[in-house]
Amino acid sequence: VFSGNGPSGICLSYLLSGYIPYFKRGSLHPNPILQRKLEETPDVSILDQDLDYLSEGLEGRSHSPVALLFDTLQRPDTDFGGTAESVLTWWHETNRAIPHLVLGRNAPGGAWHSIEGSMITLSKGEWMGLPDLPFKEWLKQKKRGLRNNRATAEDIAQYYQQYVLKKGLQKNFKCGTVVTAVRKVSTESISSHPQNDLQEDGDSLWNSTEKRADIFQVDGFFKSVNGDKEPFSIYAENVVLATGTYDSPTWLGVKGENLSYVYHQLSALEEAVKNGSIGIMSDPVLIVGAGLTAADAILFAHHCNIPVIHAFRRRVSDPGLIFNQLPKVMYPEYHKVHQMMKEQTAACAGPYESYISLPEHHVLSFGKDKKCILQDKNGYQKVYKVSMALVLTGANPNLSFLPNNGIDLAMNSDQPVNPKRNPIDIDPFTYECSQEKGLYALGPLAGDNFVRFVQGGALAVASSLLKKANKNPP
């Protein structure tokens, strides 16, 4: 059972449906060491080889060796602007398929269906593709091209849905499902008295000392077409967590943050413009944060001529700021936001109307009268009257369905799971949770935050599950 039907879940479903990758004979990988390793056993699928050995020495934009391996096999020289073809060929070996269920709230594609459709992706379009159906080719069939090598969120969401159909995976997907609990139970308790034993305290920690727990129980409900909630319980030997992080926006934890004019999602700004509740003559919108979602909000407001006050904690020149890591040519609109942040501070008027940048500021409180108090690095306080406030400082995964919110599974088990600072502690070559055998984590939960790199995690999980099921040839 997988919880989550975004790109991670789709890719893993493809691999577990018996689609097996092999090194394509006669193909040439630009990395000579990897090429030599691939030529050693061309008849053995990549899933059945030693992933540690194959990925050793690879370098790139991910900390995961398997993510780098699968990425470079599919897109050999993409980081150098090359367009070399994949060195993989795919065989459909139905006898090696492993039965599985992919549970998700939305249609296949996960959170991509919740993102404003016209938004352009940060990653190059071809990096959004899944195995054996290049995104560029799919887009060509739609008689569309990539803008600046990048794609819209709507294109991506459609591509993921169609990928599931084209590859015949739909029978594994159960959409409109919400998982409410995942925990271990003993097989004896299921056979002897199913109900009471399964209703025991959901907050109990993973391993019950009273009896050997050796199977997972996944509880939840299915939302039917007429809005009814139909409960379900599924038992599984292995569970894959692939829920992403779009669920729970981060809060600042300041006074007044729960007031009705303070929002934590970009969609609130789009909605307010659509229904006319804010416009050119409104008080400014306060946007808090210096990531790409905050930048998207600024671009949207700028496009609609809505005045903006932009507050963020870092210095504009901070190397950790995402804008300082993006090539200008590929990301002209984000470069523009970065320029605005630099040139249009409250201290000195710049060329951009209706925008004020407040670097190294943080919010102290939101008032009922829509007056917000901000403080700079020297302790000086400023008051701004706003029409609405958007706190866009990232998101955390919602793991409320796990015992203790999944904290016991994290690298630092004193802190909540966070994709950048505190991911789930996994084995790097199987993606199995170090603290709980049979439980796997994929995507942002495991620290892989880009679609191009989540697929290596799926490769690692599939390889591990095939070994467990004895479906790996010798």
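These lines cover the structure that appears in this document, whether it is placed above or below. Everything numeric in this text was worked out from a predicted model, so none of it was measured. (Residues numbered from 1 in each chain as written. Predicted model: local features only at pLDDT ≥ 70, side-chain atom pairs only at ≥ 80, totals over all residues. Heavy atoms only, no water.)

1. Quick notes on the sheet that holds strand β4 (residues 102–104)
As summarised here, the arrangement of the 5 strands in space is β7-β4-β1-β11-β22, forming an open sheet in which the pairing is parallel. For this open sheet the edge positions go to β7 (173–175) and β22 (439–441), each flanked by a neighbour on one side alone. (Pairing = 2+ DSSP bridges. Helix = DSSP H or I, 4+ residues; strand = E, 2+ residues; numbered from the N terminus.)

2. Remarks on the nonpolar core
The nonpolar side chains of soluble globular proteins are, as a tendency, buried together. Of all hydrophobic cores here, the largest spans 78 residues; its most connected members are Leu12, Val218, Leu241 and Ile424. At 9 residues, helix α12 (residues 451–468) tops the list of elements feeding residues into this core. Residues in contact with Val218, not counting those within four places in the same chain, are Val1, Leu103, Val179, Ala181, Val182, Phe232, Ser233, Ile234 and Val239. Counting 31 residues, the second largest nonpolar core, distinct from the first, contains Ala297, Tyr331, Tyr334 and Val337. (Core = buried A, V, L, I, M, F, W, Y, C linked by side-chain atoms within 4.5 Å. Buried < 20%, exposed > 50% of the residue type's maximum accessible area, 1.4 Å probe, protein only. Contact = heavy atoms within 4.5 Å.)

3. Here's the deal with helix α2 (residues 32–40)
The periodicity of an α-helix, 3.6 residues per turn, causes residues three or four positions apart to be oriented the same way. All of the buried residues in α2 are Leu34, Gln35, Lys37 and Leu38. Angularly, the buried residues of α2 cover 165° about the axis, an arc narrow enough to put them on a single face. Away from its buried face, by an angle of more than 90 degrees, α2 presents the exposed residues Pro32 and Arg36. For α2, the secondary structure elements touched by its buried residues are β2 (19–23), α3 (51–55) and α4 (65–74). In this structure Asn31 caps α2, since a side-chain oxygen of it lies 3.0 Å from the backbone nitrogen of Ile33. (Arc of directions from axis to C-beta. Polar contact = N/O pair within 3.5 Å; in protein donor to acceptor, adjacent residues only side chain to side chain.)

4. Here we look at the pattern of salt bridges
For the structure on display, the rule yields 11 salt bridges. The closest approach of N and O atoms between Lys468 and Glu432, which form a salt bridge, is 3.0 Å. Placement of Lys468 in helix α12 and of Glu432 in the loop between β21 (395–396) and β22 is noted, with a sequence separation of 36 residues between them. On the accessibility criterion, Lys468 (40% relative accessible area) is partly exposed. Judged by its relative accessible area of 11%, Glu432 is buried. (Salt bridge = Lys/Arg side-chain N within 4 Å of Asp/Glu carboxyl O.)

5. Focus on the environment of Leu51
Of note, Leu51 is situated in helix α3. Separated by 18 residues in sequence, Leu51 and Leu69 place their C-alpha atoms 8.2 Å apart. Contact partners of Leu51, with chain neighbours within four places excluded, come to Ile46, Val66, Leu69, Phe429, Leu459, Ala460 and Ser463.

6. A few points about the environment of Cys11
Its location among the elements puts Cys11 in helix α1 (residues 7–16). Sequence separation between Cys11 and Leu459 is 448 residues; the distance between their C-alpha atoms is 8.3 Å. When neighbours within four sequence positions are excluded, Cys11 is seen to be in contact with Phe70, Leu130, Pro131, Gln455 and Ala458.

7. Quick word on the side chain of Asp376
By secondary structure assignment, the location of Asp376 is in strand β18 (residues 371–376). This buried residue, Asp376, is left without a salt bridge; Lys382 holds the nearest opposite charge, at 4.5 Å. A polar contact of 2.9 Å, which involves the side chain of Asp376, links it to the backbone nitrogen of Asn378. Those residues within four positions of Asp376 in sequence are excluded, and the remaining contacts are Glu360 and His361. (Lys, Arg positive; Asp, Glu negative; His and termini not counted.)

8. Notes on the sheet that holds strand β15 (residues 308–311)
Strands belonging to one sheet form pairs held by backbone hydrogen bonds; the direction of such a pair is parallel or antiparallel. Sheet architecture is open: 5 strands sit in the order β13-β20-β14-β15-β16, paired in parallel fashion. Bordering the open sheet on either side are β13 (262–263) and β16 (355–358), each of which pairs with just one other strand. Here 4 bridges tie β15 to β16, and the two strands are oriented parallel to one another. For Val308, the partnering residue across the bridge sits in β16 and is Tyr355.

9. Quick look at the packing of aromatic side chains
Taken as a whole and judged by the stated rule, the model has 7 aromatic pairs. Judged by centre distance (5.2 Å) and plane angle (55°), the ring pair of Tyr14 and Trp90 falls under tilted. Remark: Trp90 occurs in strand β3 (residues 88–92) and Tyr14 occurs in helix α1; sequence separation between them is 76 residues. The exposure class assigned to Trp90 is buried, which follows from its relative accessible area of 14%. Ring centres of Tyr261 and Phe366 lie 6.4 Å apart, and the angle between their planes is 80°; on these two criteria the pair is classed as edge-to-face. Linking Tyr261 in the loop between β12 (248–249) and β13 with Phe366 in strand β17 (residues 361–366), this pair joins segments that are 105 residues apart in sequence. Phe366 gets classed as buried once you look at its relative accessible area, which sits at 3%. The cationic tip of Lys37 hangs over the ring face of Tyr53; the distance from NZ or CZ to the ring centre is 4.8 Å. (Phe/Tyr/Trp six-rings, centres within 6.5 Å; stacked < 30°, edge-to-face > 60°. Lys NZ or Arg CZ within 6 Å of the ring centre and 35° of its normal.)

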